[in-house]
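Summary of the model geometry
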Amino acid sequence: MELGEIYDRKNNTTKPKISFEVFPPKDGDVSGLFEQVRILKRYNPVFISLTYGAGGSTRGLSLDILRYFLDLELNVMPHFTCVNTTKELIEHYIVQIENMGIENILALRGDLVDDAKVFDFKYANELVEFIKEKTTLSIGVAGYPEGHIESPTLQKDIENLKRKVDAGASAIFTQLFFDNEKFYNYTELVRKAGINLPIIPGIMPIRNIKQLEKMTSLARIEIPKNLKNDLEKFPDDIKKIGTEFAINQCKDLIESDVCGLHFFTLNKSKQISQILDSLL
Ligand code: FAD
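This write-up is about the structure you can find in this document.

Criteria and cut-off values
Residues numbered from 1 in each chain as written. Predicted model: local features only at pLDDT ≥ 70, side-chain atom pairs only at ≥ 80, totals over all residues. Heavy atoms only, no water. 1 Å grid on protein atoms, 1.4 Å probe; cavity = no way out; pocket = protein on both sides within 12 Å on 5 of 7 lines; lining within 4 Å. Points joined across faces, edges and corners; volume = space filled by probe spheres on them. Nonpolar A, V, L, I, M, F, W, Y, C, P; charged D, E, K, R; others polar. Helix = DSSP H or I, 4+ residues; strand = E, 2+ residues; numbered from the N terminus. Expected span 1.5 Å × (residues − 1). Buried < 20%, exposed > 50% of the residue type's maximum accessible area, 1.4 Å probe, protein only. Arc of directions from axis to C-beta. Near = heavy atom within 4 Å. Polar contact = N/O pair within 3.5 Å; in protein donor to acceptor, adjacent residues only side chain to side chain. Areas by Shrake-Rupley, 256 points an atom, 1.4 Å probe, with all protein chains shown as cover. Contact = heavy atoms within 4.5 Å. Phe/Tyr/Trp six-rings, centres within 6.5 Å; stacked < 30°, edge-to-face > 60°.

This next bit is on empty space enclosed by the protein. For the structure on display, the rule yields two cavities of 30 Å³ or more. Together, Y144, P145, E146, G147, Q175, L176, F177, A219, R220 and I221 line the largest cavity. A volume near 30 Å³ is recorded for the second largest cavity. Looking at the lining of the second largest cavity residue by residue, the classes come out as four nonpolar, two polar and two charged.

Let's shift gears to helix 4 (residues 87-99). Here helix 4 contains 13 residues, and its C-alpha end-to-end distance of 18 Å stays within 8% of the 18 Å for a straight helix at 1.5 Å per residue. Along helix 4, the positions that sit buried rather than exposed are I90, Y93, I94 and I97. Along the axis of helix 4, the buried positions cluster into a sector of 90 degrees, meaning they face one direction only. Away from its buried face, by an angle of more than 90 degrees, helix 4 presents the exposed residues E88, H92 and N99.

Right, let's talk about the site of the ligand for a bit. The immediate surroundings of the ligand are formed by 24 residues, with D111, Y144, H148, D157 and K164 found nearest. One nitrogen or oxygen atom from the main chain of G110 is found 3.1 Å from an oxygen atom belonging to the ligand. Expressed as a share of its isolated accessible area of 970 Å², the protein-covered part of the ligand is 87%. The set of elements that each furnish at least two residues to the shell around the ligand consists of strand 3 (76-81), strand 4 (104-108), helix 5 (124-134), helix 6 (154-166) and strand 6 (171-176). It is helix 6 that provides the largest number of residues to the shell around the ligand, a total of four residues.

A few words now on the side chain of N180. Checked against the element boundaries, N180 lands in helix 7 (residues 180-192). Judged by relative accessible area, which is 8%, N180 ranks as buried. Not counting chain neighbours up to four residues away, the residues in contact with N180 comprise Q249, D252 and L253.

Examined against the element boundaries, P45 turns out to sit in the loop between helix 2 (31-40) and strand 2 (47-50). Judged by relative accessible area, P45 falls into the buried class, the value being 13%. It is 9.9 Å that separates the C-alpha atoms of P45 and L261, two residues lying 216 residues apart in sequence. Leave out the neighbours within four places in its chain, and P45 touches I18, S19, F20, L40 and L74.

It is worth spelling out the packing of aromatic side chains at this point. Scanning the model with the defined rule gives 13 aromatic pairs in all. Measuring from centroid to centroid gives 6.2 Å for Y7 and F173, while their planes differ by 65 degrees, and the two rings are edge-to-face. Here Y7, found in the loop between helix 1 (3-6) and strand 1 (17-22), pairs with F173, found in strand 6; they are 166 residues apart in sequence, far enough to count as distant. Residue Y7 is classed as buried on the basis of its relative accessible area of 3%. Owing to a relative accessible area of 5%, F173 belongs among the buried residues under this scheme. Here the aromatic rings of F177 and F183 are separated by 5.3 Å at their centres, their planes lie at 10 degrees, and the arrangement is stacked. Comparing F177 with F183 shows no difference in burial state: the two are buried. Put simply, the rings of Y7, F47 and F173 pair up and form one aromatic cluster.

The values reported here are purely geometric and, on their own, carry no functional implication.
Structural data, given as C-alpha coordinates:
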(Lines give C-alpha, C1' and ligand atoms only; values in the text may rest on other atoms or scores of the structure.)
Protein backbone atom coordinates (compact mmCIF):
# COMPACT_ATOMS: atom_id res chain seq x y z
CA MET A 1 0.00 0.00 0.00
CA GLU A 2 1.26 3.47 -0.89
CA LEU A 3 2.00 6.20 1.66
CA GLY A 4 -0.84 8.43 0.49
CA GLU A 5 -3.34 5.62 0.98
CA ILE A 6 -1.88 4.49 4.33
CA TYR A 7 -2.28 7.92 5.91
CA ASP A 8 -5.47 8.92 4.13
CA ARG A 9 -7.84 10.06 6.89
CA LYS A 10 -10.77 8.57 4.99
CA ASN A 11 -9.33 5.05 5.39
CA ASN A 12 -8.32 5.66 8.98
CA THR A 13 -9.47 3.88 12.06
CA THR A 14 -9.17 6.02 15.18
CA LYS A 15 -5.78 4.50 16.01
CA PRO A 16 -2.62 6.03 14.54
CA LYS A 17 -0.79 3.90 12.00
CA ILE A 18 2.24 2.15 13.49
CA SER A 19 5.47 1.65 11.53
CA PHE A 20 8.92 0.41 12.50
CA GLU A 21 12.40 1.35 11.35
CA VAL A 22 15.15 -1.30 11.38
CA PHE A 23 18.67 -1.37 10.00
CA PRO A 24 20.79 -4.01 8.23
CA PRO A 25 23.01 -5.63 10.91
CA LYS A 26 26.66 -4.55 10.58
CA ASP A 27 27.96 -8.14 10.77
CA GLY A 28 25.53 -9.31 8.07
CA ASP A 29 23.90 -11.85 10.41
CA VAL A 30 20.20 -11.24 9.85
CA SER A 31 18.74 -14.02 12.02
CA GLY A 32 18.34 -11.79 15.11
CA LEU A 33 16.75 -9.00 13.06
CA PHE A 34 14.28 -11.40 11.44
CA GLU A 35 13.29 -12.78 14.83
CA GLN A 36 12.63 -9.25 16.17
CA VAL A 37 10.61 -8.31 13.10
CA ARG A 38 8.49 -11.47 13.39
CA ILE A 39 7.64 -10.34 16.95
CA LEU A 40 6.85 -6.76 15.86
CA LYS A 41 4.58 -8.06 13.09
CA ARG A 42 1.98 -8.78 15.80
CA TYR A 43 1.30 -5.05 16.01
CA ASN A 44 0.15 -4.92 12.37
CA PRO A 45 2.62 -2.29 11.19
CA VAL A 46 1.62 -0.35 8.09
CA PHE A 47 5.19 -0.94 6.92
CA ILE A 48 8.72 -1.71 8.04
CA SER A 49 11.33 0.80 6.93
CA LEU A 50 14.91 -0.28 6.36
CA THR A 51 17.73 2.24 6.70
CA TYR A 52 20.35 2.67 4.01
CA GLY A 53 24.04 2.50 4.93
CA ALA A 54 26.14 5.57 4.16
CA GLY A 55 27.14 5.56 0.49
CA GLY A 56 25.25 2.34 -0.19
CA SER A 57 27.52 0.19 1.97
CA THR A 58 24.67 -2.22 2.74
CA ARG A 59 23.01 -2.27 -0.69
CA GLY A 60 23.17 -6.03 -1.42
CA LEU A 61 22.21 -7.06 2.09
CA SER A 62 19.35 -4.54 2.09
CA LEU A 63 17.76 -6.16 -0.95
CA ASP A 64 17.92 -9.61 0.69
CA ILE A 65 16.33 -8.23 3.86
CA LEU A 66 13.58 -6.49 1.88
CA ARG A 67 12.82 -9.76 0.03
CA TYR A 68 12.48 -11.55 3.36
CA PHE A 69 10.05 -8.90 4.68
CA LEU A 70 7.99 -9.15 1.50
CA ASP A 71 7.86 -12.93 1.95
CA LEU A 72 6.46 -12.31 5.44
CA GLU A 73 3.73 -10.27 3.68
CA LEU A 74 4.95 -7.06 5.25
CA ASN A 75 4.68 -3.74 3.47
CA VAL A 76 8.14 -2.12 3.26
CA MET A 77 9.70 1.30 2.80
CA PRO A 78 13.42 1.15 2.01
CA HIS A 79 15.41 4.29 2.78
CA PHE A 80 17.71 5.57 0.07
CA THR A 81 20.44 8.22 0.11
CA CYS A 82 22.00 10.06 -2.81
CA VAL A 83 25.39 11.12 -1.39
CA ASN A 84 28.46 9.53 -2.89
CA THR A 85 26.74 7.86 -5.82
CA THR A 86 25.80 8.47 -9.43
CA LYS A 87 22.56 8.95 -11.34
CA GLU A 88 23.10 5.61 -13.11
CA LEU A 89 23.50 3.67 -9.86
CA ILE A 90 20.51 5.43 -8.34
CA GLU A 91 18.34 4.57 -11.33
CA HIS A 92 19.47 0.96 -11.24
CA TYR A 93 18.56 0.63 -7.56
CA ILE A 94 15.18 2.35 -7.62
CA VAL A 95 14.06 0.42 -10.70
CA GLN A 96 15.23 -2.79 -9.01
CA ILE A 97 13.16 -2.16 -5.89
CA GLU A 98 10.14 -1.15 -7.95
CA ASN A 99 10.44 -4.42 -9.89
CA MET A 100 10.39 -6.29 -6.57
CA GLY A 101 6.86 -4.97 -6.05
CA ILE A 102 7.87 -2.34 -3.49
CA GLU A 103 5.65 0.76 -3.55
CA ASN A 104 7.34 3.20 -1.15
CA ILE A 105 10.76 4.74 -0.60
CA LEU A 106 12.21 7.24 1.89
CA ALA A 107 14.33 9.62 -0.19
CA LEU A 108 17.23 11.21 1.68
CA ARG A 109 20.36 13.10 0.89
CA GLY A 110 22.37 11.23 3.54
CA ASP A 111 24.96 12.60 5.91
CA LEU A 112 27.99 14.28 4.44
CA VAL A 113 31.00 12.11 5.16
CA ASP A 114 34.62 13.02 4.48
CA ASP A 115 35.06 10.60 1.58
CA ALA A 116 31.76 11.58 -0.11
CA LYS A 117 33.02 12.74 -3.52
CA VAL A 118 30.48 11.86 -6.17
CA PHE A 119 27.45 14.11 -6.13
CA ASP A 120 25.03 13.95 -9.03
CA PHE A 121 22.44 15.24 -6.59
CA LYS A 122 23.25 17.82 -3.97
CA TYR A 123 19.99 17.78 -2.01
CA ALA A 124 17.15 15.37 -1.39
CA ASN A 125 14.66 17.43 -3.45
CA GLU A 126 16.68 16.55 -6.58
CA LEU A 127 16.50 12.86 -5.64
CA VAL A 128 12.74 13.09 -5.12
CA GLU A 129 12.34 14.65 -8.56
CA PHE A 130 14.47 11.91 -10.15
CA ILE A 131 12.58 9.06 -8.45
CA LYS A 132 9.31 10.63 -9.55
CA GLU A 133 10.56 10.81 -13.13
CA LYS A 134 11.89 7.24 -13.28
CA THR A 135 9.39 5.24 -11.18
CA THR A 136 5.88 5.22 -9.73
CA LEU A 137 7.19 4.82 -6.18
CA SER A 138 5.44 6.76 -3.46
CA ILE A 139 8.03 8.94 -1.73
CA GLY A 140 8.59 9.83 1.93
CA VAL A 141 11.03 12.55 2.99
CA ALA A 142 12.71 13.57 6.25
CA GLY A 143 11.61 16.48 8.44
CA TYR A 144 13.35 18.01 11.45
CA PRO A 145 11.17 19.45 14.26
CA GLU A 146 14.26 21.13 15.76
CA GLY A 147 15.72 22.09 12.38
CA HIS A 148 18.34 20.16 10.42
CA ILE A 149 21.82 20.52 11.91
CA GLU A 150 23.20 22.32 8.82
CA SER A 151 20.30 24.74 8.56
CA PRO A 152 20.77 28.25 9.98
CA THR A 153 17.10 28.45 11.06
CA LEU A 154 14.07 26.21 11.36
CA GLN A 155 12.20 28.45 8.92
CA LYS A 156 14.92 28.03 6.27
CA ASP A 157 14.81 24.26 6.76
CA ILE A 158 11.04 24.29 6.22
CA GLU A 159 11.54 26.25 2.99
CA ASN A 160 13.83 23.45 1.88
CA LEU A 161 11.30 20.83 3.01
CA LYS A 162 8.84 22.57 0.67
CA ARG A 163 11.21 21.88 -2.24
CA LYS A 164 10.96 18.13 -1.50
CA VAL A 165 7.18 18.35 -1.26
CA ASP A 166 6.91 20.30 -4.53
CA ALA A 167 9.14 17.68 -6.17
CA GLY A 168 6.55 14.99 -5.39
CA ALA A 169 6.83 13.70 -1.80
CA SER A 170 3.78 12.05 -0.23
CA ALA A 171 4.63 12.02 3.51
CA ILE A 172 7.11 13.52 5.98
CA PHE A 173 8.85 11.35 8.57
CA THR A 174 10.46 13.28 11.39
CA GLN A 175 13.73 13.04 13.17
CA LEU A 176 13.43 11.76 16.73
CA PHE A 177 12.52 14.33 19.38
CA PHE A 178 11.61 14.27 23.07
CA ASP A 179 9.73 17.52 23.45
CA ASN A 180 6.30 17.24 21.84
CA GLU A 181 5.91 21.02 21.87
CA LYS A 182 8.69 21.17 19.28
CA PHE A 183 6.74 18.77 17.08
CA TYR A 184 3.51 20.75 17.45
CA ASN A 185 5.30 24.03 16.68
CA TYR A 186 6.95 22.40 13.65
CA THR A 187 3.63 21.06 12.37
CA GLU A 188 2.12 24.53 12.65
CA LEU A 189 5.00 26.13 10.73
CA VAL A 190 4.91 23.42 8.06
CA ARG A 191 1.17 23.97 7.57
CA LYS A 192 1.73 27.74 7.38
CA ALA A 193 4.25 27.07 4.61
CA GLY A 194 1.41 25.51 2.63
CA ILE A 195 2.43 21.87 3.15
CA ASN A 196 -0.52 19.59 3.81
CA LEU A 197 1.16 16.17 3.75
CA PRO A 198 0.95 13.71 6.65
CA ILE A 199 3.73 14.38 9.21
CA ILE A 200 4.65 11.21 11.06
CA PRO A 201 6.55 11.69 14.33
CA GLY A 202 9.69 9.61 14.84
CA ILE A 203 9.86 7.98 18.29
CA MET A 204 13.05 6.60 19.76
CA PRO A 205 12.63 4.97 23.16
CA ILE A 206 15.76 5.60 25.25
CA ARG A 207 17.63 2.44 26.17
CA ASN A 208 21.23 3.50 26.58
CA ILE A 209 22.84 6.77 27.71
CA LYS A 210 25.87 6.70 25.39
CA GLN A 211 23.68 6.07 22.36
CA LEU A 212 21.33 8.87 23.44
CA GLU A 213 24.17 11.36 23.89
CA LYS A 214 25.64 10.48 20.50
CA MET A 215 22.34 10.81 18.65
CA THR A 216 21.18 13.98 20.35
CA SER A 217 24.49 15.78 19.90
CA LEU A 218 24.91 14.71 16.25
CA ALA A 219 21.44 15.94 15.37
CA ARG A 220 21.13 18.77 17.95
CA ILE A 221 18.09 17.34 19.74
CA GLU A 222 17.07 18.76 23.09
CA ILE A 223 16.45 16.49 26.07
CA PRO A 224 13.82 18.04 28.38
CA LYS A 225 15.16 18.98 31.84
CA ASN A 226 13.05 16.57 33.90
CA LEU A 227 13.94 13.67 31.62
CA LYS A 228 17.62 14.58 31.86
CA ASN A 229 17.37 14.79 35.67
CA ASP A 230 15.70 11.38 35.91
CA LEU A 231 18.31 9.79 33.66
CA GLU A 232 21.12 11.27 35.77
CA LYS A 233 19.51 10.39 39.11
CA PHE A 234 18.64 6.79 38.27
CA PRO A 235 21.34 5.48 35.92
CA ASP A 236 20.36 1.86 36.60
CA ASP A 237 16.80 2.44 35.44
CA ILE A 238 17.50 3.94 32.02
CA LYS A 239 15.35 1.50 30.07
CA LYS A 240 12.44 1.78 32.49
CA ILE A 241 12.60 5.57 32.38
CA GLY A 242 12.90 5.47 28.57
CA THR A 243 9.90 3.17 28.24
CA GLU A 244 7.69 5.26 30.54
CA PHE A 245 8.75 8.47 28.82
CA ALA A 246 7.96 7.03 25.38
CA ILE A 247 4.54 5.78 26.53
CA ASN A 248 3.61 9.25 27.82
CA GLN A 249 5.08 10.95 24.75
CA CYS A 250 3.03 8.71 22.44
CA LYS A 251 -0.16 9.14 24.50
CA ASP A 252 0.15 12.90 24.16
CA LEU A 253 0.79 12.63 20.41
CA ILE A 254 -2.20 10.32 19.96
CA GLU A 255 -4.41 12.77 21.87
CA SER A 256 -3.27 15.49 19.50
CA ASP A 257 -4.46 13.26 16.63
CA VAL A 258 -1.24 12.35 14.84
CA CYS A 259 -1.85 10.10 11.86
CA GLY A 260 1.00 7.72 12.64
CA LEU A 261 3.85 6.79 14.96
CA HIS A 262 7.15 5.70 13.42
CA PHE A 263 9.37 3.82 15.89
CA PHE A 264 13.16 3.73 15.59
CA THR A 265 13.46 0.19 16.96
CA LEU A 266 17.27 -0.19 16.84
CA ASN A 267 16.43 -3.78 15.89
CA LYS A 268 15.02 -4.57 19.36
CA SER A 269 11.40 -5.55 19.89
CA LYS A 270 11.03 -5.87 23.70
CA GLN A 271 10.87 -2.21 24.71
CA ILE A 272 8.75 -1.35 21.67
CA SER A 273 6.33 -4.17 22.56
CA GLN A 274 6.03 -2.87 26.13
CA ILE A 275 5.20 0.59 24.81
CA LEU A 276 2.66 -0.62 22.29
CA ASP A 277 1.03 -3.01 24.77
CA SER A 278 0.26 -0.09 27.00
CA LEU A 279 -0.93 2.14 24.13
CA LEU A 280 -3.08 -0.07 21.93
P1 FAD B 1 18.00 17.52 2.54
O2 FAD B 1 16.52 17.60 2.56
O3 FAD B 1 18.70 17.61 1.25
O4 FAD B 1 18.53 18.64 3.55
C5 FAD B 1 19.90 18.69 3.94
C6 FAD B 1 20.25 20.12 4.37
O7 FAD B 1 20.32 20.97 3.23
C8 FAD B 1 19.22 20.76 5.29
O9 FAD B 1 19.91 21.62 6.17
C10 FAD B 1 18.33 21.57 4.36
O11 FAD B 1 17.74 22.69 4.99
C12 FAD B 1 19.34 22.01 3.28
N13 FAD B 1 18.75 22.04 1.93
C14 FAD B 1 17.90 21.15 1.38
N15 FAD B 1 17.63 21.45 0.09
C16 FAD B 1 18.31 22.57 -0.19
C17 FAD B 1 18.47 23.36 -1.35
N18 FAD B 1 17.83 23.04 -2.50
N19 FAD B 1 19.28 24.46 -1.28
C20 FAD B 1 19.94 24.78 -0.13
N21 FAD B 1 19.83 24.05 1.01
C22 FAD B 1 19.04 22.96 0.98
N23 FAD B 1 20.69 8.78 6.75
C24 FAD B 1 21.25 7.70 6.15
O25 FAD B 1 22.43 7.72 5.75
N26 FAD B 1 20.53 6.54 5.98
C27 FAD B 1 19.24 6.44 6.39
O28 FAD B 1 18.62 5.39 6.21
C29 FAD B 1 18.62 7.57 7.04
N30 FAD B 1 17.33 7.52 7.46
C31 FAD B 1 16.75 8.63 8.02
C32 FAD B 1 15.40 8.57 8.42
C33 FAD B 1 14.77 9.68 8.99
C34 FAD B 1 13.31 9.60 9.41
C35 FAD B 1 15.51 10.89 9.16
C36 FAD B 1 14.85 12.09 9.78
C37 FAD B 1 16.85 10.96 8.77
C38 FAD B 1 17.49 9.83 8.21
N39 FAD B 1 18.84 9.87 7.77
C40 FAD B 1 19.41 8.76 7.20
C41 FAD B 1 19.67 11.06 8.03
C42 FAD B 1 19.71 12.03 6.82
O43 FAD B 1 20.34 11.41 5.73
C44 FAD B 1 20.50 13.26 7.28
O45 FAD B 1 19.77 13.97 8.24
C46 FAD B 1 21.00 14.18 6.15
O47 FAD B 1 21.99 15.05 6.73
C48 FAD B 1 19.95 15.05 5.51
O49 FAD B 1 19.13 14.34 4.69
P50 FAD B 1 17.80 15.01 4.06
O51 FAD B 1 17.21 14.05 3.15
O52 FAD B 1 16.96 15.61 5.12
O53 FAD B 1 18.52 16.19 3.23
